[in-house]
Amino acid sequence: FLILFNKDKFKIKEKNLTHKNFVLAALSIFLIAIYGGFFGAGFGFFSIVVLVLLGFSFMKSAAMARVIGFFMSLASTIVFIQNNVINYPFALSLGLGYAIGSWIGIGIAIKKGENYIKSLLIIITILTLFRLLGGFFGFKF
């Protein structure tokens, strides 16, 4: 809803980052990273939304979310290794797939631009919503 109906917040033009917004971004990302370390799902999306609302461009927010996500994942991985709860073949295949998909996605994002990525995000979010609602109500998509 934020992306669809609050066009002023999701402009391509960046705002100047104030000290207050920097502190809010750091605190927000810290809390979202704690959530992401436990669950993972949605971390990137939540990070992007927070960073865009605080004045970063959509593309810069996506890039920063990837860097933050890398360090969050690294910290989580260290904790999981210490507790011996990693299925290494599964983890390596997921990591490789994530790396290849990210490489391809970044290339597309740079070539197509911010408006294309925002449109794609809206489409994927709507499809995911339908899939989740379909699963809840017993429909298959």
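Just so it is clear, the structure is predicted and the values come from calculations on it, not from any experiment. (Residues numbered from 1 in each chain as written. Predicted model: local features only at pLDDT ≥ 70, side-chain atom pairs only at ≥ 80, totals over all residues. Heavy atoms only, no water.)

## Some points on the confidence of the model for the protein chain
- Averaged over all residues, the pLDDT of the protein chain is 80; the fraction at 70 or higher stands at 89%.
- Model confidence for the protein chain, summarised as mean pLDDT per element, is weakest for helix H1 (residues 2–5) at 60 and strongest for helix H5 (residues 88–112) at 87. (pLDDT = per-residue confidence, 0-100. Helix = DSSP H or I, 4+ residues; strand = E, 2+ residues; numbered from the N terminus.)

## Points about the layout of surface pockets
- Estimates place the volume of the largest pocket at around 2,000 Å³.
- Contributing to the lining of the largest pocket are 50 residues, with Gly44, Arg66, Ser73, Tyr98 and Ser102 lying nearest its centre.
- When residues of the lining of the largest pocket are traced back to their parent elements, those giving at least two are helix H2 (19–38), helix H3 (43–53), helix H4 (58–82), H5 and helix H6 (114–137).
- Ranked by residue count, the leading element in the lining of the largest pocket is H4, at 15 residues. (1 Å grid on protein atoms, 1.4 Å probe; cavity = no way out; pocket = protein on both sides within 12 Å on 5 of 7 lines; lining within 4 Å. Points joined across faces, edges and corners; volume = space filled by probe spheres on them.)

## Side note on the packing of aromatic side chains
- Evaluated as defined, the whole model comprises three aromatic pairs.
- Arranged with centres 5.1 Å apart and planes meeting at 75°, the rings of Phe70 and Phe71 form a pair that is edge-to-face.
- Residue Phe71 is classed as exposed on the basis of its relative accessible area of 52%.
- Site record: aromatic cluster; members linked through ring pairs are Tyr35, Phe45 and Phe46. (Phe/Tyr/Trp six-rings, centres within 6.5 Å; stacked < 30°, edge-to-face > 60°. Buried < 20%, exposed > 50% of the residue type's maximum accessible area, 1.4 Å probe, protein only.)

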